Structures are given as C-alpha cells and as structure tokens.
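Overview (structure and organization)
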Amino acid sequence: MSGPIRVIVHPPSPSGGRRVRVDGEILGLAHNLVDVAEFLRRAGLDVDPAELLHSSWIDWRGAGPEQWGPEPPG
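A brief structural summary. (Residues numbered from 1 in each chain as written. Predicted model: local features only at pLDDT ≥ 70, side-chain atom pairs only at ≥ 80, totals over all residues. Heavy atoms only, no water.)

1. Some details on the packing of aromatic side chains
The description of an aromatic ring pair uses the distance of the two centres, along with the angle that the planes make with each other. Enumeration according to the criterion identifies one aromatic pair in this entry. Note on Trp60 and Trp68: the rings are 5.9 Å apart at their centroids and 85 degrees apart in plane angle, and the pair reads as edge-to-face. Residue Trp68 is classed as buried on the basis of its relative accessible area, which comes to 13%. The lysine or arginine in question, Arg18, covers the ring of Trp68, its NZ or CZ lying 5.5 Å from the ring centre. (Phe/Tyr/Trp six-rings, centres within 6.5 Å; stacked < 30°, edge-to-face > 60°. Buried < 20%, exposed > 50% of the residue type's maximum accessible area, 1.4 Å probe, protein only. Lys NZ or Arg CZ within 6 Å of the ring centre and 35° of its normal.)

Shown next, in the form of structure tokens:
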C-alpha cells in the first residue's frame, strides 16, 4: 500500500454500529474497537485495538471511539 492509509469511522447508525471505510472502501459495520482492528488487519494493518483510541490517522465522524450505538433516549 503506498501513501498514508485513510480510515473513516462513520457516525453510529440508528440501529447501532458504525461503518468503517479504508481508502474509500467500506469494510463493514463495527460494534466496538476490536471490530475496527479486525477490519484493519484484513486490510493489511496489524494494530492493537487500544492504539485506535488516540490514532491521528482515524477520522472518527459524528462521535468518538466510545460511542457505538444510537444515543439513549433523553
């Protein structure tokens, strides 16, 4: 893979989970950091899930890495 990898974790969906996109390709629906790490492993990157919390190369959209489901009712 040439150049920096671009990882986007989309906002939580209404039914829970977040789409993960790497270099423009959707890899799947993650429900936690372990899922994101597995998708990245399949894309050729071996990362520890704990490293994902503070990775500057991941664009966490709509919410940070602590949010995976819909917002609780207010």
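Don't stop here, the text continues.
2. A short note on the side chain of His10
You can see His10 is positioned in the loop between strand E1 (7-9) and strand E2 (18-22). Residue class for His10 comes out buried when judged on its relative accessible area of 11%. Contacts of His10, omitting those with residues within four sequence positions, involve Arg18, Arg19, Arg21 and Arg61. (Helix = DSSP H or I, 4+ residues; strand = E, 2+ residues; numbered from the N terminus. Contact = heavy atoms within 4.5 Å.)

3. Details of the pattern of salt bridges
Going through the model one piece at a time under the given rule, you end up with three salt bridges. Across the pair Glu38 and Arg41 runs a salt bridge, and its minimum N-O distance is 2.6 Å. Linking Glu38 with Arg41, this pair stays in helix H1 (residues 33-42), spanning three residues, or about one helical turn. When its relative accessible area of 25% is taken as the criterion, Glu38 is described as partly exposed. We classify Arg41 as partly exposed; its relative accessible area is 47%. With a closest N to O distance of 2.9 Å, Asp59 and Arg61 form a salt bridge. (Salt bridge = Lys/Arg side-chain N within 4 Å of Asp/Glu carboxyl O.)

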